[in-house]
Amino acid sequence: MTVATRPNGPETEQPTVGPRETTAVAAARAAAVLEPGLDRPVGLVGARLRAAAAALLLAVGAGAGWAVFGALPHTLALPAVLAHGPAPETVRADQAGALLSYRIGTGALVTEGQPIAVLRTPAGEELVVRAPSAGTVTALLATPGGAVAPGTGLVTLDSARLPQTVRIFATSVQDAGQLVPGRTVLVPVPGMGTVRATVTTADTLPVRADSLDGTFTVPLPGLPTGSAPVWTAYASIPAAVGQLRGPVPLTVSVDLGARHPYQAVFGSGAGR
């Protein structure tokens, strides 16, 4: 051990540095010269990883904000028929007799005054029944050869003289509750794309599904049969659409407004 003296002070002992310690210090200094920064703390997260993490946080935040504050269209698909007026016009027998034959068939386009059926009166006279207006025959209601009483329905007719109307059918109380006057309905009109119509009126009580026979000429997908209850609402078509030959079965989309994405996931209601 080396003894050092201080002026005007007691002697102090200085630690002796051996050859091994001297070599280690020299190696550390040399490494610092070759690779500057090796003697500094090492960051465990790189710049790219930090940027990716920040981007992920932004994306998650944006997604959460959209889920809460964003809006998605909310519609209800229901069966409907594009026709004229709130219901088909029924052509009835004026007097008792027997139905000899029909002069037309279902789906036929008739003109006003055109013969549609022939009756034989009790006196043996033949009576021609004529179409009260132009339109499309939607159903034949009597059986040829059978007896008919005065007022018996013979033919239902989609009368072209009545305004074009979309009849919308709901098969549950919940769906019927959405068909309120003023609600917008998106109607796929053949050859014209989607047309916006407005619900004008709605029946408060249901009818039997089989009572709708004669409303349209072909089966309507989504409509039940037999005694199942059906609620009916009516929507007006803009005059700019022009006259179309009805009835036309279709599926409409009732506009229920918009709802937030989280409401769509959890099935909660819509709001405008």
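Preceding this paragraph is the structure being described.
Conventions we followed
Residues numbered from 1 in each chain as written. Predicted model: local features only at pLDDT ≥ 70, side-chain atom pairs only at ≥ 80, totals over all residues. Heavy atoms only, no water. Helix = DSSP H or I, 4+ residues; strand = E, 2+ residues; numbered from the N terminus. Buried < 20%, exposed > 50% of the residue type's maximum accessible area, 1.4 Å probe, protein only. Contact = heavy atoms within 4.5 Å. Areas by Shrake-Rupley, 256 points an atom, 1.4 Å probe, with all protein chains shown as cover. Lys, Arg positive; Asp, Glu negative; His and termini not counted. Salt bridge = Lys/Arg side-chain N within 4 Å of Asp/Glu carboxyl O. Polar contact = N/O pair within 3.5 Å; in protein donor to acceptor, adjacent residues only side chain to side chain. Pairing = 2+ DSSP bridges. 1 Å grid on protein atoms, 1.4 Å probe; cavity = no way out; pocket = protein on both sides within 12 Å on 5 of 7 lines; lining within 4 Å. Points joined across faces, edges and corners; volume = space filled by probe spheres on them. Nonpolar A, V, L, I, M, F, W, Y, C, P; charged D, E, K, R; others polar.

Asker: Is there a simple way to explain the overall build of the protein chain in this structure?
Answerer: When its secondary structure is counted, the protein chain shows four helices and 17 strands. Burial analysis of the protein chain (272 residues in total) assigns 32% to the buried set. Contacts in the protein chain between residues at least 24 apart in sequence constitute 68% of all its contacts with a sequence separation of at least 6. For the protein chain, the exposed area adds up to about 16200 Å²; of that, 60% sits on carbon and sulfur atoms.

Asker: Looking at this structure, I do not really get the side chain of Arg167. What am I missing?
Answerer: Looking at where Arg167 falls in the secondary structure, it is placed in strand β12 (residues 164-170). Here Arg167 sits buried without a salt bridge, and the closest side chain of opposite charge, Asp158, lies 4.0 Å off (N-O distance). Among the polar contacts made by the side chain of Arg167, one reaches the main-chain carbonyl oxygen of Pro86 at a distance of 3.4 Å.

Asker: Would you take a moment to explain the pattern of salt bridges for this structure?
Answerer: Should their charged atoms come close, side chains of opposite charge can pair. Applying the stated rule across the entire model yields three salt bridges. Residues Arg161 and Glu89 are paired through a salt bridge, measuring 2.7 Å at the closest nitrogen-oxygen approach. In this pair, Arg161 is assigned in the loop between β11 (153-159) and β12 and Glu89 in strand β4 (residues 89-92), connecting sequence segments 72 residues apart. Given the relative accessible area of 56%, Arg161 is considered exposed. Asp210 is the salt-bridge partner of Arg208, the closest N and O atoms lying 2.7 Å from each other. When its relative accessible area of 30% is taken as the criterion, Asp210 is described as partly exposed.

Asker: Please clarify how the sheet that holds strand β8 (residues 126-130) should be interpreted in this entry.
Answerer: Within a beta sheet, neighbouring strands are joined by backbone hydrogen bonds and run either parallel or antiparallel to one another. Across the sheet, four strands lie side by side as β8-β7-β5-β10; this open sheet has antiparallel pairing. At either margin of the open sheet sits one strand with a lone partner, and together these are β8 and β10 (147-148). Where strand β5 (residues 97-102) and strand β7 (residues 115-120) come together, four bridges link them in antiparallel fashion. Bridge pairing in β7 places Ser101 opposite Val118.

Asker: What exactly am I supposed to notice about the layout of surface pockets here?
Answerer: It is the rolling of a water-molecule-sized probe over the atoms that shows where space remains empty. Empty space within the largest pocket amounts to approximately 230 Å³. Contributing to the lining of the largest pocket are 16 residues, with Ala87, Pro88, Ser211, Leu212 and Thr215 lying nearest its centre. Those elements giving two or more residues to the lining of the largest pocket turn out to be β12 and β16 (229-236). Taken together, the residues of the lining of the largest pocket sort by class into seven nonpolar, six polar and three charged. Empty space within the second largest pocket amounts to approximately 150 Å³. The wall of the second largest pocket is formed by Ala209, Asp210, Leu212, Asp213, Gly214, Phe216, Leu220, Leu223, Pro224, Thr225 and Gly226. Tallied by class, the residues present in the lining of the second largest pocket amount to six nonpolar, three polar and two charged.

Asker: Looking at this model, I keep getting lost on the sheet that holds strand β9 (residues 135-140). Mind explaining?
Answerer: Read across the sheet, four strands follow the order β4-β11-β9-β6 without closing on themselves; strand pairing throughout is antiparallel. Both outer strands of the open sheet, β4 and β6 (109-110), are each paired with one neighbouring strand and no more. As paired elements, β4 and β11 share four bridges and run antiparallel to each other. Across the sheet, Glu89 pairs through a bridge with Leu157, a residue of β11.

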